[in-house]
Amino acid sequence: MVLAVVLVSELLAFVFTLVRSGGTDFLTELARISMLMQWLGLTSAALLCLLRVPLGRASTAAATVVALGIVLVNILILSIAMIWAGRRLGAGETLSMFPGETWLFMLRNLVIGAIVTALLLRYFFVSHQWRLHVQAEARSRIDALQARIRPHFLFNSMNTIASLTRSDPDQAEQAVEDLADLFRATLNDAGRLLTLKEEFELTRVYQRIEMLRLGDRLRVDWDVSGLPMRARLPGLTIQPLLENAIYHGIERLDEGGLVTIVGQCSNDKIEINVTNPVGAAEGDQIRQGHQLAVNNIRERLQLAFDGRGSLEVAESGGTYRATVRFPVI
């Protein structure tokens, strides 16, 4: 930010010099204007930075007026300081670097400063409003995407519990408790990121519910011990991948199969692979069945990590693999 202030101040100094340098030495005029602009830019930025907490509590109109007043007072003080320095240094070549007039110099600086500062404040306001709008839109999209997941998951889970109520009421009761715990966590704020530990716990609860229904046909192998469990990701990211692996892979195979969940972390980026076997003749159906969940998770990852999160899927040799990548935050 300091570099940005310096560059913008020097750019303004160059523009003002082009306008005013007619008949005068360009470099001398540029040096004089640059000296004033650099001091104005850096000291004004420092003052606004020091006062950012009280300004942040004020209304937009009040903060704008106060910020404009601070910058104008700073311009007035520095203009007086330049005039005073020129008089103290005396005549000669050095004096040409400093203004000779007093009121005209200060008035011109105040008018130019007011115009430039007002334009910058307007730009910052519009930029801030645009950022808030983007964040609100992203939050709304996350809420909508999250809402599409929950009914789908609920219906599948209730079907599992319904199948257990006749065959094993005790296990059905345990499944209901697991489902309650799962939804108690997933019905939290959709914009809140879960830790990997929380997401894995939710996924394991879902795994227990499905194992009650499928028994020995479902086997899940976890290899995630090397991951930072405090890393965060959108809730219901891994669980839907396990759900799809079961419903579109394991459940379609008479002998069942093994789902592997493997994670690794390298260069502050996490990669998690969910792999499951698929039937040779089920390729098109599996791709269609995975599409909703895949698109949903992919979009939520992109929204949560500003485009740095991704989900890739691949099918080859009777194996379906979903790969989730996201940065450690």
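What counts, and at which threshold
Residues numbered from 1 in each chain as written. Predicted model: local features only at pLDDT ≥ 70, side-chain atom pairs only at ≥ 80, totals over all residues. Heavy atoms only, no water. Helix = DSSP H or I, 4+ residues; strand = E, 2+ residues; numbered from the N terminus. Buried < 20%, exposed > 50% of the residue type's maximum accessible area, 1.4 Å probe, protein only. Contact = heavy atoms within 4.5 Å. Core = buried A, V, L, I, M, F, W, Y, C linked by side-chain atoms within 4.5 Å. Pairing = 2+ DSSP bridges. Axes fitted to C-alpha atoms, helices over the stretch in contact; angles between N-to-C directions. 1 Å grid on protein atoms, 1.4 Å probe; cavity = no way out; pocket = protein on both sides within 12 Å on 5 of 7 lines; lining within 4 Å. Points joined across faces, edges and corners; volume = space filled by probe spheres on them. Nonpolar A, V, L, I, M, F, W, Y, C, P; charged D, E, K, R; others polar. Phe/Tyr/Trp six-rings, centres within 6.5 Å; stacked < 30°, edge-to-face > 60°. Lys NZ or Arg CZ within 6 Å of the ring centre and 35° of its normal.

Engineer: Please explain the overall build of the chain as it appears in this structure.
Structural biologist: Helix and strand counts for the chain come out as nine helices and seven strands. Expressed as a percentage of its 329 residues, the buried residues of the chain come to 39%. When contacts within the chain are restricted to residue pairs at least 6 apart in sequence, long-range pairs at least 24 apart make up 70% of them.

Engineer: How should I be thinking about the nonpolar core in this particular structure?
Structural biologist: Of all hydrophobic cores here, the largest spans 37 residues; its most connected members are Leu-196, Phe-200, Val-259, Ile-272, Leu-311 and Phe-326. Broken down by secondary-structure element, the contributors of at least two residues to this core are helix H7 (196-214), strand E2 (218-223), helix H8 (238-247), strand E4 (257-266), strand E5 (269-277), helix H9 (283-304) and strand E7 (319-327). Beyond its immediate chain neighbours, meaning those up to four positions away, Leu-196 contacts Leu-227, Pro-228, Met-229, Ala-231, Leu-233, Ile-270, Ile-272 and Phe-326. The next biggest cluster of nonpolar side chains, apart from the first, holds nine residues, and it includes Leu-36, Leu-40, Val-71 and Leu-78.

Engineer: Is there a simple way to explain unusual backbone geometry in this structure?
Structural biologist: For Asp-268, which is not a glycine, the phi torsion comes out positive at approximately 60 degrees. Relative to the assigned elements, Asp-268 resides in the loop between E4 and E5. Notably, Asp-306 is not glycine yet its phi reads approximately 50 degrees, a positive angle. Structurally, Asp-306 is set in the loop between H9 and strand E6 (310-316). By relative accessible area, which is 68% here, Asp-306 ends up exposed.

Engineer: Teacher, can you tell me more about H8 here?
Structural biologist: Within an α-helix, residues lying three or four positions from one another point in the same direction, as the helix has 3.6 residues per turn. Counting buried positions along H8 yields ten of ten residues, so the element is predominantly enclosed. Listing the buried residues of H8 in full gives Ile-238, Gln-239, Pro-240, Leu-241, Leu-242, Glu-243, Asn-244, Ala-245, Ile-246 and Tyr-247.

Engineer: So what exactly am I meant to see when it comes to the sheet that holds E2 here?
Structural biologist: Pairing is mixed across the open sheet formed by five strands, whose spatial order is E2-E4-E5-E7-E6. Of all the strands in the sheet, just E2 and E6 have a single pairing partner and so form its edges. Neighbouring strand axes in the sheet, compared pairwise and without regard to direction, differ in orientation by 15 degrees on average. Where E2 lies against E4, six bridges are found, and the strand directions are parallel. Bridging from a neighbouring strand, Asp-223 pairs with Val-262 of E4.

Engineer: Would you mind going over the layout of surface pockets with me for this structure?
Structural biologist: Gaps left between atoms show up when a probe the size of a water molecule is rolled over them. Considered as a void within the structure, the largest pocket measures approximately 1,700 Å³ in volume. Surrounding the largest pocket, 48 residues form its lining, Leu-48, Val-71, Leu-120, Leu-121 and Phe-124 being those nearest its centre. Elements supplying a minimum of two residues to the lining of the largest pocket: helix H1 (2-20), helix H2 (26-50), helix H3 (52-57), helix H4 (60-89) and helix H5 (103-167). In terms of residue class, the lining of the largest pocket is built from 30 nonpolar, twelve polar and six charged.

Engineer: Could you clarify how one ought to interpret the packing of aromatic side chains in this entry?
Structural biologist: Two descriptors summarise a pair of aromatic rings, namely the distance from one centre to the other and the angle between the planes of the rings. One pass over the structure, following the stated rule, counts four aromatic pairs. An angle of 80 degrees between the planes, with centres 5.9 Å apart, marks the rings of Phe-14 and Phe-26 as edge-to-face. One end of the pair, Phe-14, is in helix H1; the other, Phe-26, is in helix H2, with twelve residues separating them in the sequence. Phe-26 gets classed as partly exposed once you look at its relative accessible area, which sits at 27%. When the ring of Phe-305 is compared with that of Phe-326, the centres are 5.6 Å apart and the planes differ by 20 degrees; the resulting orientation is stacked. One end of the pair, Phe-305, is in the loop between H9 and E6; the other, Phe-326, is in strand E7, with 21 residues separating them in the sequence. Residue Phe-305 shares its accessibility class with Phe-326, and that shared class is buried. In this structure, Arg-204 is placed above the aromatic ring of Trp-222, and the distance from its NZ or CZ to the ring centre is 4.1 Å.

Engineer: I'm lost on the side chain of Ser-9 in this one. Help?
Structural biologist: As for its position among the elements, Ser-9 is in helix H1. Beyond its immediate stretch of four places on either side in the chain, Ser-9 contacts Met-37, Gln-38 and Gly-41.

Geometric values such as these leave the question of function open.
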